[in-house]
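Residue strings, one per chain:
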Amino acid sequence: MNLMISSACNRVTGTHFGGFLLLFTSDFTKISMDFNPSFGYNNLDVRSGKERAGGQGLSTNRRFDFEYMKLFQKDKSFYKKVLILALPIALQSLIAVGVNMLDTIMVGKIGSVGNVYDAVTKGVLGKTPAELASEQSLSAVSLSNTFIGIYHIFCMGLGMGASVLVSRYWGMKLKGDDEGGRATTALKQTVCLMLRLTLILAALFAITTFLMPETIMKMYAKKQVDISTVSAEEVEKTIAENFNNREIIRRGADYLRYSVITYFFLGASLTVTIVLRSVGQALFPLFVSIGALIVNLLANYTFIFGNFGAPRMETKGAALGTLIARIFEAVLIVGYLFVKDQRIRFRVRDLFMKTKSLLREYIRISIPVLISDGILALGNNSVAMVIGKLGSEFTSANAITAVTQQMSTVGIQGVCQAGAIVTGQTLGTGDKEKTMKQGWMFFGLGLALGLVAALIILIIQYPVVNSYDVAGTTKDIAFQLMSAISIILIFQATNSIMTKGVLRGGGDTKMLMLMDNIFLWAIALPLGIIAGFVLHLNAFWIYICLKSDQIVKAVWCYFRLKSEKWIKKISTGTHEPAK
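Residues numbered from 1 in each chain as written. Predicted model: local features only at pLDDT ≥ 70, side-chain atom pairs only at ≥ 80, totals over all residues. Heavy atoms only, no water.

Asker: Any chance you could explain the overall build of the protein here in plain terms?
Answerer: A count of helices and strands for the protein gives 21 helices and two strands. Residues classed as buried in the protein amount to 57% of the 579 residues present. Put simply, the protein shows about 24200 Å² of open surface, and 64% of that area lies on carbon and sulfur atoms. (Helix = DSSP H or I, 4+ residues; strand = E, 2+ residues; numbered from the N terminus. Buried < 20%, exposed > 50% of the residue type's maximum accessible area, 1.4 Å probe, protein only. Areas by Shrake-Rupley, 256 points an atom, 1.4 Å probe, with all protein chains shown as cover.)

Following this line, the structure appears as structure tokens:
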């Protein structure tokens, strides 16, 4: 399998990488050139077929169009701006992944045997009690966080939806186009609406989690098997498996109960962080996240294993440690917005400001982002449910690989948000041509970062998987998933930077809402279900099918970018449209 992935990577690197890039441009012109592996081009001849036949040179417009289509250009100011924005965001994302990794690694080392069914000690499930308990805790925390992840994505939708407006208004202010304080007022109104919606969303998730944690867990865990339906030889093993599934549900419900209050602090810190980044303030949230990581590490060590005289709480301790870290993070970040920030100048009293004048524009631009990410979250939740129904081994393996995938894509996440900010600010200054040029360079960055992320996965898969105290079958599945992820990431990086960055920053939120979910619900989920439950394929192909929307979306992004239809006008809530 690894040889196959390496071969696939080789086919899209080196001299063949140029051909891969040109595949996306073959529909608008014929290109002949001598390719240099260092992305240099000699004897460049760009002409349509008719121009070649007639021996005519290119028109000025034709040459200009091709300049737009170049994915890699010498524009130091652009790459410097992206780096300044993306690096703190990427580092903060890495720290956030580190917080999740702390939970999974620490609960994966629990190894408690006090409540493991006796049949396991007889080898019925082929695992030691310590291995089984670790897998139960790992699966429980993973599945619990899948539900919490829905809320996280909703908050990302709220924050990124607001970011589209904030970036555009901030660009207007930078240009000096803020007559009568229109952009300044619209900035505050956007943040106000975002915080109000975040509070409402947090309350809904908190109430749901408090009232039915077991029901939530049962949506993900494997169903109980009626022992009357199995043969006599399988009865003991079925009883053990049923107990194992009940134990996952119990531990997951404990984790969710301790996470009820976390929603409020997580939502506030996440959305405010995105808004601060949109006006060029990314360093402070980064420093706060570093502190939160340290707090989470100490709290997990204390409460998961019962150190420093604290009770041993296991999965409940992991949830408590995360809650403490989220409180620390929210107090500092939200406090900074209310007290110290001098760009947005949003204060506590502004929470009660009138927002009616901006409400229509906010709904038009920001709400589709929320709906898109929300439905997408439900779709990803359905993917997790499919994985959960495939068994605890597949679930545990997916939990192991998920953290690694997140770590390898932090740079991509940084460029995603940088893409939305840069695009919004550039359009705010009224420069459409520059926006298109930057859009193609972001597309090139997506391809390059996808290849880097895939390479990272292939390099670190063995030490990462072997660091977990789980059974051999779980590790085998994890290795298959790692191989599949390395392929998908190339396409995922490209489309993420476009859909979550450039196209969204251009205000194309309605179309993105439509296409994101068509690709997921009409292609990826049906294929994944067929692969897992009808064809019973191995883990590699099940994952490829479940993520097939990433491949289709990458191709669609190219054509959408080229059409220029994604650049939308945004107003400040008055009758005068913004640029």
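Still more ground to cover, so stick around.
Asker: Is there a simple way to explain the packing of helix 17 (residues 432–466) against helix 18 (residues 472–505) in this structure?
Answerer: Two numbers describe a pair of packed helices, the interaxial angle and the distance between the axes. Their axes nearest at 8 Å, the elements helix 17 and helix 18 cross at an angle of 160 degrees. Put simply, helix 17 runs roughly antiparallel to helix 18. Relative to helix 18, helix 17 is oriented so that their crossing is right-handed. Looking at the contact of helix 17 with helix 18 residue by residue, the classes come out as 23 nonpolar, eight polar and one charged. (Axes fitted to C-alpha atoms, helices over the stretch in contact; angles between N-to-C directions. Parallel < 35°, antiparallel > 145°, perpendicular 65-115°, else oblique. Left-handed = near helix turned anticlockwise from the far one by under 90°. Nonpolar A, V, L, I, M, F, W, Y, C, P; charged D, E, K, R; others polar.)

Asker: Before we go on, may I ask you to explain the nonpolar core in this structure?
Answerer: Soluble globular proteins tend to bury their nonpolar side chains together. By size, the foremost hydrophobic cluster in this structure holds 133 residues, and its most contacted members are Y169 and F442. Per-element accounting of this core gives the leading share, 18 residues, to helix 7 (residues 129–175). Beyond its immediate sequence surroundings of up to four residues, Y169 is in contact with A183, A186, L187, T190, L358, E361, I570, S571 and T572. Ranked by size, the runner-up nonpolar core spans six residues in total, among them A299, F303, A310 and M313. (Core = buried A, V, L, I, M, F, W, Y, C linked by side-chain atoms within 4.5 Å. Contact = heavy atoms within 4.5 Å.)

Asker: Is there a simple way to think about the side chain of Q189 in this case?
Answerer: As for its position among the elements, Q189 is in helix 8 (residues 182–211). A polar contact of 3.0 Å, which involves the side chain of Q189, links it to the side chain of S357. If we skip the residues at most four places from it in the chain, Q189 touches M353, K354, T355, S357 and L358. (Polar contact = N/O pair within 3.5 Å; in protein donor to acceptor, adjacent residues only side chain to side chain.)

Asker: Would you mind going over a nonpolar patch on the surface with me for this structure?
Answerer: Side chains of I529, I530, F533, V534, L535, L537 and W541 sit close together on the surface and give an oily, nonpolar patch of about 630 Å² of accessible area. Top contributing element to the nonpolar patch by residue count: helix 19 (residues 509–534), with four residues. Of note, I530 is situated in helix 19. Here I530 falls in the partly exposed class, since its relative accessible area comes to 40%. (Patch = residues over 30% accessible without salt bridge, like charges linked within 9 Å, V, L, I, M, F, W, Y side chains within 5 Å. Salt bridge = Lys/Arg side-chain N within 4 Å of Asp/Glu carboxyl O.)

Asker: I would appreciate a short explanation of the packing of aromatic side chains in the present structure.
Answerer: The way to describe two aromatic rings as a pair is by their centre distance and the angle between their planes. Applying the stated rule across the entire model yields 17 aromatic pairs. Summarising the aromatic geometry, the rings of F443 and Y558 are spaced 6.4 Å apart at their centres and angled 70 degrees between planes, so their arrangement reads as edge-to-face. One end of the pair, F443, is in helix 17; the other, Y558, is in helix 21 (residues 548–563), and 115 residues separate them in sequence. Measuring from ring centre to ring centre gives 4.9 Å for F540 and W541, while their planes differ by 90 degrees; the resulting arrangement is edge-to-face. Judged by its relative accessible area of 1%, F540 falls in the buried class. Ring pairing ties together the aromatic residues F147, Y151, F154, F205 and Y263, which thus form one cluster. (Phe/Tyr/Trp six-rings, centres within 6.5 Å; stacked < 30°, edge-to-face > 60°.)

Asker: Help me out: how do you make sense of the side chain of Q281 in this one?
Answerer: Following the sequence through the fold, Q281 ends up in the loop between helix 11 (262–278) and helix 12 (283–303). Of note is the side chain of Q281, whose polar atom sits 2.8 Å from the side chain of Y336. Sequence-distant contacts of Q281, defined by excluding residues within four places in its chain, comprise L276, Y336, D341 and R343.

Asker: Looking at this structure, how should I read helix 16 (residues 410–428)?
Answerer: Residues that lie three or four places apart on an α-helix share one face, since the helix turns once every 3.6 residues. Over its 19 residues, helix 16 runs 27 Å from end to end, which matches the ideal 27 Å to within 8%, given 1.5 Å per residue. Within helix 16, 17 of the 19 residues are buried, which leaves the element mostly enclosed by the surrounding structure. Count one or two residues on from helix 16 and you reach G430, which has phi positive near 90 degrees. (Expected span 1.5 Å × (residues − 1).)

Asker: Looking at this structure, how should I read helix 17?
Answerer: Taking 1.5 Å per residue, 35 residues should reach 51 Å; helix 17 reaches 50 Å between its end C-alpha atoms and fits that length. I460 marks where helix 17 bends most, by close to 55 degrees; the proline P463 follows one to four residues later. For helix 17, the N-terminal cap is D431; the gap from its side-chain oxygen to the backbone nitrogen of E433 is 3.5 Å. (Bend = angle between axes of the 7 residues up to and from the residue.)

Asker: Is there a simple way to think about the environment of I207 in this case?
Answerer: Structurally, the position occupied by I207 is in helix 8. The spatial distance from the C-alpha of I207 to the C-alpha of I261 is 9.7 Å, given a sequence separation of 54 residues.

Bear in mind that shape data such as this cannot, by itself, settle questions of function.
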